[in-house]
Amino acid sequence: MSERWPLPPGIDFAREYDVAAGIPAFAAILSTWKTHAGIVRARLPGQLDLAYGTAVTERLDFFPAATGAEAAPLLVFFHGGFWRRLDKDDFSWIAPPYVARGVSVAIVNYGLAPATPLETIVDQCRRSIAWLYRHADRLGFDRRRIVVAGHSAGGHLAGMALTTDWPAIADDLPEQPLAGGILLSPLADLAPLARVPVYHADLNFTPQRIATLSPARLQAIGGAPVIGAVGGRESSEFKRQLAMQAAAWPASWKATVDMPDDDHLSLCDAFAEPTTALFKTSLKLLLDRQ
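Keep in mind it's a predicted model, so treat the numbers as computed, not measured.

**A short note on the pairing of strand β5 (residues 146–151)**
Part 1: Among the six residues of β5, six are classified as buried, and the element is accordingly described as predominantly covered.
Part 2: On β5, burial covers both faces: I146, V148 and G150 on one face and V147, A149 and H151 on the other are all buried.
Part 3: With five bridges connecting them, strand β3 (residues 74–78) and β5 associate as parallel partners. Among the inter-strand pairings, V76 is bridged to a residue of β5, identified as V148.

**Side note on the side chain of T116**
Part 1: Mapping T116 onto the fold places it in the loop between β4 (104–108) and α4 (118–134).
Part 2: You can call T116 buried: its relative accessible area is 14%.
Part 3: Those residues in contact with T116 that lie beyond four places of it in its chain are G111, I121 and Q124.

**Some remarks on the packing of helix α11 (residues 264–271) against helix α12 (residues 277–287)**
When two helices pack together, their arrangement is captured by the angle between the axes and the distance separating the axes.
Part 1: Between α11 and α12, the least distance of the axes is 7 Å, while the angle of their chain directions is 50°. Comparing their axes, α12 and α11 come out oblique. The interaxial crossing formed by α11 with α12 has right-handed handedness. Along its contact with α11, which presents L267, A270 and F271, the element α12 presents L278, F279 and S282.

What counts and what doesn't
Along each chain, residues carry numbers from 1 onward, in the same order as the chain's sequence is written. Since the coordinates come from a predicted model, pLDDT governs what is reported: local features require at least 70, and pairs of side-chain atoms require 80 or more to be given and counted, while whole-chain, interface and lining totals use all residues. Side-chain figures throughout are based on the complete set of non-hydrogen atoms in the structure, without hydrogens or water. Between buried and exposed lies partly exposed: a residue is buried under 20% and exposed over 50% of the maximum accessible area for its type, with that area taken using a 1.4 Å probe on protein chains only. Segments assigned H or I by DSSP are reported as helices when at least four residues long, segments assigned E as strands when at least two residues long, and all are numbered from the N terminus. One requirement defines pairing of two strands: DSSP has to find at least two bridges between them. The criterion used for residue contact is that any of the two residues' heavy atoms lie within 4.5 Å. Lines fitted to C-alpha atoms define the axes here, with helix axes fitted over just the stretch in contact, and angles between the N-to-C directions of these axes take values from 0 to 180 degrees. When an angle is under 35 degrees it counts as roughly parallel; over 145 it counts as roughly antiparallel; between 65 and 115 it counts as roughly perpendicular; any other value is oblique. Rotating anticlockwise by less than a right angle from the far helix to the near helix defines a left-handed crossing, while the corresponding clockwise rotation defines a right-handed one.

Geometry only, nothing functional implied.
Below is the structure:
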């Protein structure tokens, strides 16, 4: 599939993927996210820092659906940050609007590059899903209704989860434990990021990594429905990334949500804002029984 996604000529990839340069309030927004997340972690009922592995970074937070119904679906969220920054503790604010509408939420942490290689990061996220699947009864959600979501690099990780050969990881896992996916400005193809020195230096996007860790170059397994979105104010490369992912998975791709007024960060805000088309479409995917 490598020839299917040739890099467009004449593109300044470093500029296209410099999210901070295009959002003047970038640092202030991240600070606000962290503040709001701390308030949620202090007030919203849940279980924090559950270990899904042995590494200190292998932790997740679980917030149960407000209804307390055992048949509640589960939203599993992977944060962005180009695999190099941010933490689950910055994103707890995503949970309340979903929890209030009968959805349990797990927000997953993973190791960061360069200390953690990308293959390990992908493996950690897969293991977090396997751990949640196995602990569904104890946590009180329906293991048949797990939907994975992620923003930016987290969208890449959610996409990789949908390509996983789960029985090869463990024989107690079904072919596809995921009931759906939500990809927000996903980094679906790693090839252009090899042209961005600041990212390539930390992640070393070799040809093998590009071929085996790019969701747009792999097949989705099991036919779980997938939706996606990119902000209308994002760069042409982020728009191209989403289009590549949608084209790669025609049987699974159910909707691209139009978010014309959003940039890279406000799209993530919109995912947790009940009045937006993105929230409403995401909630429908979560609540629909497959």
